[in-house]
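Residue-level structural notes
The primary structure of each chain is shown beneath.
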Number of protein chains: 4
Amino acid sequence: MRRKVAILGATGTVGQRFIQILRGHPWFEITVLAASERSAGKKYREACRWRLETDMPNEIGEMTVVNTRVKEVKEAADVDLVFSALPGSVAGPVEEEFAAEYPVVSKASAHRMDADIPLIIPEVNPEHLGIIPVQKKNRGWNGFISTDPNCSTIQLAITLKALMGFGVKQLIVSTMQALSGAGYPGVPSLDIIDNVIPYIPNEEEKMESETRKILGTFNGNSIQPANMTISASCNRVDVKDGHLEAVYVELENKPTIEEVKEAFRSFVGEPQRLNLPSAPEKPIIVREENDRPQPRFDRNAGKGMSVVVGRVRSDPIMTVKYLCLGHNTIRGAAGAGVLSAELMVAKGIL
Amino acid sequence: MRRKVAILGATGTVGQRFIQILRGHPWFEITVLAASERSAGKKYREACRWRLETDMPNEIGEMTVVNTRVKEVKEAADVDLVFSALPGSVAGPVEEEFAAEYPVVSKASAHRMDADIPLIIPEVNPEHLGIIPVQKKNRGWNGFISTDPNCSTIQLAITLKALMGFGVKQLIVSTMQALSGAGYPGVPSLDIIDNVIPYIPNEEEKMESETRKILGTFNGNSIQPANMTISASCNRVDVKDGHLEAVYVELENKPTIEEVKEAFRSFVGEPQRLNLPSAPEKPIIVREENDRPQPRFDRNAGKGMSVVVGRVRSDPIMTVKYLCLGHNTIRGAAGAGVLSAELMVAKGIL
Amino acid sequence: MRRKVAILGATGTVGQRFIQILRGHPWFEITVLAASERSAGKKYREACRWRLETDMPNEIGEMTVVNTRVKEVKEAADVDLVFSALPGSVAGPVEEEFAAEYPVVSKASAHRMDADIPLIIPEVNPEHLGIIPVQKKNRGWNGFISTDPNCSTIQLAITLKALMGFGVKQLIVSTMQALSGAGYPGVPSLDIIDNVIPYIPNEEEKMESETRKILGTFNGNSIQPANMTISASCNRVDVKDGHLEAVYVELENKPTIEEVKEAFRSFVGEPQRLNLPSAPEKPIIVREENDRPQPRFDRNAGKGMSVVVGRVRSDPIMTVKYLCLGHNTIRGAAGAGVLSAELMVAKGIL
Amino acid sequence: MRRKVAILGATGTVGQRFIQILRGHPWFEITVLAASERSAGKKYREACRWRLETDMPNEIGEMTVVNTRVKEVKEAADVDLVFSALPGSVAGPVEEEFAAEYPVVSKASAHRMDADIPLIIPEVNPEHLGIIPVQKKNRGWNGFISTDPNCSTIQLAITLKALMGFGVKQLIVSTMQALSGAGYPGVPSLDIIDNVIPYIPNEEEKMESETRKILGTFNGNSIQPANMTISASCNRVDVKDGHLEAVYVELENKPTIEEVKEAFRSFVGEPQRLNLPSAPEKPIIVREENDRPQPRFDRNAGKGMSVVVGRVRSDPIMTVKYLCLGHNTIRGAAGAGVLSAELMVAKGIL
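Given the structure is predicted, the values throughout are model-derived calculations rather than measurements.

Counting its regular elements, chain A contains 13 helices and 14 strands. Judged by the C-alpha coordinates and their principal axes, chain A covers about 60 × 50 × 35 Å. Of the contacts formed within chain A by residues at least 6 apart in sequence, a portion of 73% connects residues at least 24 apart.

Going from Arg 292 of chain B to Pro 293 of chain B, the amide bond is cis rather than trans, its omega being 5°. As for its position among the elements, Pro 293 of chain B is in the loop between strand E12 (284-286) and helix H12 (295-298). Backbone geometry places Asn 202 of chain C, a non-glycine residue, at a positive phi of 70°.

So, about helix H9 (residues 203-214) of chain C. Residues and elements named next belong to chain C. With 12 residues, H9 extends 16 Å from end C-alpha to end C-alpha; this agrees with the ideal 16 Å at 1.5 Å per step. Among the residues of H9, those classed as buried are Glu 203, Glu 204, Lys 206, Met 207, Glu 210, Thr 211, Lys 213 and Ile 214. Those residues of H9 that are buried lie in contact with helix H7 (151-163), strand E7 (168-177), strand E9 (223-224) and strand E10 (229-236).

What follows deals with the relation of the copies chain D and chain C. Note on the copies: chain D fits chain C at an RMSD of 0.0 Å, the axial shift is 0.0 Å, and the rotation between them is 180°. Here the copies are linked by what is in effect a two-fold axis. With an isologous cut-off of 70% or more, the 100% of interface residues of chain D that recur at the interface of chain C puts this contact in the isologous class.

For the rest of this paragraph, the subject is the sheet that holds strand E1 (residues 3-8) of chain B. Residue and element names in this part refer to chain B. On the basis of which strands lie adjacent, the open sheet formed by 6 strands has the order E3-E2-E1-E4-E5-E6 and parallel pairing. If you trace the sheet from one side to the other, it starts and ends with strand E3 (66-67) and strand E6 (144-147), each paired once. In terms of strand pairing, E1 meets strand E2 (residues 28-35) through 6 bridges, oriented parallel. Bridge assignment links Val 5 to a residue of E2, and that residue is Ile 30. Together, strand E4 (81-84), strand E5 (103-106) and E6 form the strand contacts of helix H5 (residues 88-99), whose direction differs from that of E5 by roughly 150°. Where helix H13 (residues 330-346) meets the sheet, its contacts fall on E1, E2, E4, E5 and E6, and the angle it forms with E5 comes to roughly 145°.

Next up on the list: the sheet that holds strand E11 (residues 243-251) of chain D. Residue and element names in this part refer to chain D. One open sheet holds the 6 strands; their spatial order is E10-E7-E11-E14-E13-E12, and the pairing between them is mixed. On the outer flanks of this sheet lie strand E10 (229-236) and strand E12 (284-286), each paired with one strand and no other. Recorded for the sheet is a direction-independent mean angle of 25° between the axes of neighbouring strands. Pairing geometry for strand E13 (residues 307-314) and strand E14 (residues 320-326), over 5 bridges, is antiparallel. In the sheet register, Ser 314 faces E14, and the bridge partner there is Val 320. Most of the contacts of helix H7 (residues 151-163) go to E11, to which it runs at about 35°, and overall it touches strand E7 (168-177), E10, E11, E12, E13 and E14.

Attention shifts here to the interface of chain A and chain B. At the interface, 32 residues of chain A touch 32 residues of chain B. Where the side of chain A that touches chain B is concerned, the elements lending two or more residues are strand E7 (168-177), strand E10 (229-236), strand E11 (243-251), helix H12 (295-298) and strand E14 (320-326) of chain A. A breakdown of the residues in the side of chain A that touches chain B according to their chemical character gives 15 nonpolar, 9 polar and 8 charged.

The next subject is the interface of chain D and chain C. Contact residues are listed per partner, giving 32 residues for chain D and 32 residues for chain C. Counting residues per element, the ones that place at least two in the side of chain D that touches chain C are E7, E10, E11, helix H12 (295-298) and E14 of chain D. Grouping the amino acids of the side of chain D that touches chain C by side-chain chemistry returns 15 nonpolar, 9 polar and 8 charged.

Turning chain A through 180° and shifting it by 0.0 Å along the axis lays it on chain B, with an RMSD of 0.0 Å. Most of the interface of chain A is mirrored in chain B: 100% of its interface residues are interface residues there too.

A word on the pairing of E6 of chain B. Residues and elements named next belong to chain B. Of the two faces of E6, both are covered, the one formed by Phe 144 and Ser 146 as well as the one formed by Ile 145 and Thr 147. Alignment of E5 against E6, held across 4 bridges, turns out to be parallel. The partner of Val 104 across the bridge, within E6, is Ile 145.

Our focus in this paragraph is the domain arrangement of chain A. Residue and element names in this part refer to chain A. Its domain assignment divides chain A into domain 1 (3-150 + 334-346) and domain 2 (151-327). Relative to domain 2, the C-alpha centre of domain 1 lies at a distance of 24 Å. Counting residues at the interface gives 31 residues for domain 1, matched by 32 residues for domain 2. Classifying every residue of the side of domain 1 that touches domain 2 by side-chain character gives 17 nonpolar, 9 polar and 5 charged.

Residues and elements named next belong to chain B. Interaxial distance between helix H7 (residues 151-163) and helix H10 (residues 257-266) falls to 8 Å at its minimum, and their mutual angle equals 120°. Considering the relative orientation of H7 and H10, their crossing is right-handed. Seen from H7, the contacting residues are Thr 159, Ala 162 and Leu 163; seen from H10, they are Val 260, Ala 263 and Phe 264. In terms of residue class, the contact of H7 with H10 is built from 5 nonpolar, 1 polar and no charged.

Bringing the environment of Asn 142 of chain D into the picture now. Residue and element names in this part refer to chain D. By secondary structure assignment, the location of Asn 142 is in the loop between helix H6 (132-139) and strand E6 (144-147). Considering only alpha carbons, one finds Asn 142 and Tyr 102, 40 residues apart in sequence, at a separation of 6.6 Å. Excluding residues within four positions of it along the chain, Asn 142 makes contact with Ala 100 and Glu 101.

So, about the packing of helix H1 (residues 13-22) of chain D against helix H13 (residues 330-346) of chain D. Residues and elements named next belong to chain D. Packing of H1 against H13 brings their axes to within 9 Å, and their N-to-C directions diverge by 55°. Judged by the inter-axis angle, H1 sits oblique to H13. Crossing hand, H1 versus H13: right-handed. Along its contact with H1, which presents Val 14, Arg 17, Phe 18, Ile 21 and Leu 22, the element H13 presents Ile 330, Ala 333, Ala 334, Gly 335, Gly 337 and Val 338.

Of all hydrophobic cores here, the largest spans 464 residues; its most connected members are Ile 7 of chain A, Ile 7 of chain B, Ile 7 of chain C together with Ile 7 of chain D. Those residues in contact with Ile 7 of chain C that sit more than four places away from it in its chain are Gly 15, Phe 18, Ile 19, Ile 30, Leu 33, Ala 34, Phe 83 and Ala 85 of chain C.

With that settled, the discussion passes to the environment of Lys 254 of chain A. Among the structural elements, Lys 254 of chain A can be located in the loop between E11 and helix H10 (257-266). As for Lys 254 of chain A and Gly 167 of chain A, which are separated by 87 residues in sequence, their C-alpha atoms are 9.0 Å apart.

Residue and element names in this part refer to chain D. Its place among the elements puts Val 173 in strand E7. The buried category is assigned to Val 173, around which 25 C-beta atoms lie within 10 Å. As for Val 173 and Glu 97, which are separated by 76 residues in sequence, their C-alpha atoms are 36 Å apart.

Conventions and cut-offs
- Residues numbered from 1 in each chain as written.
- Chains lettered and ligands numbered in written order.
- Predicted model: local features only at pLDDT ≥ 70, side-chain atom pairs only at ≥ 80, totals over all residues.
- Helix = DSSP H or I, 4+ residues; strand = E, 2+ residues; numbered from the N terminus.
- Contact = placed C-beta atoms within 7 Å.
- Expected span 1.5 Å × (residues − 1).
- Buried ≥ 20, exposed ≤ 12 C-beta atoms within 10 Å, placed from the backbone.
- Least-squares fit on C-alpha atoms with pLDDT ≥ 70 in both.
- Pairing = 2+ DSSP bridges.
- Axes fitted to C-alpha atoms, helices over the stretch in contact; angles between N-to-C directions.
- Nonpolar A, V, L, I, M, F, W, Y, C, P; charged D, E, K, R; others polar.
- Domains from an automatic or database assignment.
- Left-handed = near helix turned anticlockwise from the far one by under 90°.
- Parallel < 35°, antiparallel > 145°, perpendicular 65-115°, else oblique.
- Core = buried A, V, L, I, M, F, W, Y, C linked by C-beta atoms within 7 Å.

Put into structure tokens, the structure is as follows:
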């Protein structure tokens, strides 16, 4: 019996990725596509400007989009789980309304830093799901909200988790982020042709605060952020998909470069142990070539769910520096949500 | 009376920029264009695949290219000064041969780190020219070699010079460098479309070692490198001209952000005081918008000779972080050479 | 005494080009910047997202934008002439309102095909200005409307005009058009990276109908469209500025290729004879290299006012084929408007 | 029993595509990888700069490359069939040497227009394989050469074949071709960023002559070229894969647009009837959206083996105009060769 799933914000780029990834999923089936009032009542085919290279699944195109409200979703079909791909600006109250009745797995930023809402990367902090009962009690909800981090944060946090045994003290990160991270229509072509934009609104703040929450400790009642300092500088480059990040980390224990690489290579988490359907065999792939990872060549590693690390080398100021790359709309968005939901199924939360 | 100038490597991309910049120069006139044997004897127009957006000057197109050898240059015309835009791989012995007879201002990397050869940025370390007499004596040359730093180093070093009063202890820099930095044909389009290449051969090493030499102290006899630690991570992006660098600097004195900006804004050097023809009015321009500098919009500031700085902000690990941008083939290459030569004229060295 | 000028749609990309081109113009000075209600009352600096590589002129940045209505423009300053850079969707009635009082030179498409409104390219059909008195009488206006053609049409029509002596029977054209032709924000970067879009709304229709009107005959009372058949296929490519067009023309007389080239080379029009300030010395430049014109290298020829033609060769089906390139926001937009206005001044219409 | 296959030019971009496509092929297995002397003796992994987004198959990486000579190939392993992905400049004599002993299916241009060598598109002219016995007799070879057309020609010819029933009289085509068509390193990034190059050496000539041969008639002894006139204008755009072509065709019978579309939609050839492993279900896919086909969205249709047609509309000069798109290194290169070889197996020629 597959869980019945509603997607909020189904017509946007992240919504489209959810549809693509959930196609033929062994545990989930899409029963409701919800979007803004403008789209409601239309066939998905007509409401959506499909922006993926694979064709829109035919049966999805024929579904009628409903308005993003509990009443309308409830009338449309049975739903066991809600994926939210809503824009951050509207997600806040809408997700709360849905959480009163349904489990909500959200890609939106609205609730990520709420004290009683987990911010989950299944390989990194699955134990933070333990805060859900606290949340339900606090809020008096039948359902709950669980959030996925910002795209650029997820890939960074996965690599940091692998290094936690060495004592991560502080880190500097400079990103080169892909266009699809800005959604659609997103970045005007006239802004990015022959150019780099050294600013992404709120991105540096998210990387700094979310990473500390994700790597923090759950004490049964609350999440204590990790005690590490993070400094980010975020840039947009003319690349379709795949965020590339130059990372410089100070580690308390001073591992050798080979030990660091081995920590990356051998890293696995709950999704691998539980053999979840969307879990990549290797959460982190280490490339040895001196010019990798590269967005176009590495973003689809592990079906877009692996983080690719390269150029691991000593740093004369911090301890180690390296590059990491992840597919920002798969591992960094829809794939993250699906993997989180799979983890919840495996843990009996869904 | 204008100085007569020979350009070595005149058909390459940096050679072309020298020609463009020297056009109508008040102090210099081109009398010899030298290139490899393959080009020698041809009209420049036929020998050169001109890659600049402005047209090749007609009188230059009609000049006959000579082989890059002292004898042939000497036979071709009177020469007071040689600009070398040779590829690093061949520059070493050729420049030495020319230095035996002529002053050589070189953009090539071959001799940059030689102990008795200055590595000059006119705004930063004009006093390093004082080592030229030492060099001439050491080597028994009539002429000498003075070098210009690597493109990505120049713009960084100019910003650091402005901060030296605060005590620069160490810095991390992550670059996003333009295609023209790799010369022509340079980066294959199939490598860079929809991509970033996180590796530029030897670039990180150059940024780390050259910066310390440039900011070092000349004691009348030798140059002591500055005592600071530098860590670079260099990336190639799909931008034609203009290197963008994310910089994180630790300063001993802890200036406010406004003091740092003021240090950038008020920075001037010898070229400004001497009013050299190619000196930009402002070596550093500070932009206050949150999304600048950007390569396409800022690379031509000060006719490509200003460094544009933006997003100056506190750093939780180092002291301050900012972005800087420079035109890599003007301020970072041919313009650097011409400004160095102007400084030498003003100082009576030429 | 310079004519006082208002710009409607001053904050858009074409409006910005008008400002750039009119800076320091000997005959015109900007006294009013008008834009939509959203911008009215703000300083231009704050109302406008400036998208040109040259900086916004400081005095323009300090001007206060007024709403695009006759009353508000009239209150703001004296105006002798109105340039309209309004979006096609709103230009229709607004331009009529202004024409009741002022001469309006419009880049908008709304009135281009109106029977009593001229569609002017100064080098091609200056005699069509003769219809203005007819128009004023028809409409009872103190002012009038004169329009400039679509960007892709202008450069094509200039090359066709040079061939009219050979008898232009029919032509096929396939375009590769730049991003700036779509305005700002215009084409989303996610649509164009690693892609071509083979469709531009209404563009093919405009090229086919406008060209026939421009090349038509004014009989003192009305304009008879030229008797020629045109078939266009329009494509958007990832280029910032500069439309490139592959043209195949059937000519009644069968000139040699050299005669065709000579017709292009020797072509001049009224702007050249009258020595208008914005007139390029050569309306058409013929390149002999086998790989020109290219957008990045040729778009700024003649300060963006020349059309560059290349690869003129025999065609086995039509008579001749060639490529032509023009700067779409200079020769194809703001520069076209300014040159039209200059022509009107020289002819005593303004 | 799978046929044993040698690939000549295995390290180039087309050679890499052959390897990718032949992986797991039911009828062929790679036993020899041949390349230039420089690569001979090395492991493929070391000899090749792999440029595909999918990883190099591990077992291929471990194979030792041999020199491109019959003797060395023969010594290396049994071979039933040779795929040639050699550069045009060297393919001529080398392929003849191999044809003396082996069947050679060649992507190179050297022998395409030889009178007794077939130029095959399996859906279009499978009957031209009938000239192979003539060739073997003429040349006294044990093997033979069969060639595949130029990439931009294949997709055009497939669409024309579907229209042959309407009487194709003449056609004009204007291309926008992808970077991968130029091989590797191919087009320098500095040439194509923010640019279009309106020239591809020999491409227009190939499209004009090859198309007539492909659509010609085999009379049992020789191939009579089709009696149609073709005019091509070829352009390079900043797209990785996928050639887009704007086509204008004159048809003797004047079909309706719907009849033309139906001819495209219903078109199938021998590969579909024989159910060959690489045959796409639909050789031609017709898109109804007004802005398709687009390279990034349509190049992988039918696993890169379908040609995508769109914007089929009346033409006021010719009869019909449309756009067609094909994946230039799959349908236009390696996939073409594999499909040709499959056809030969099915026909008993291999």
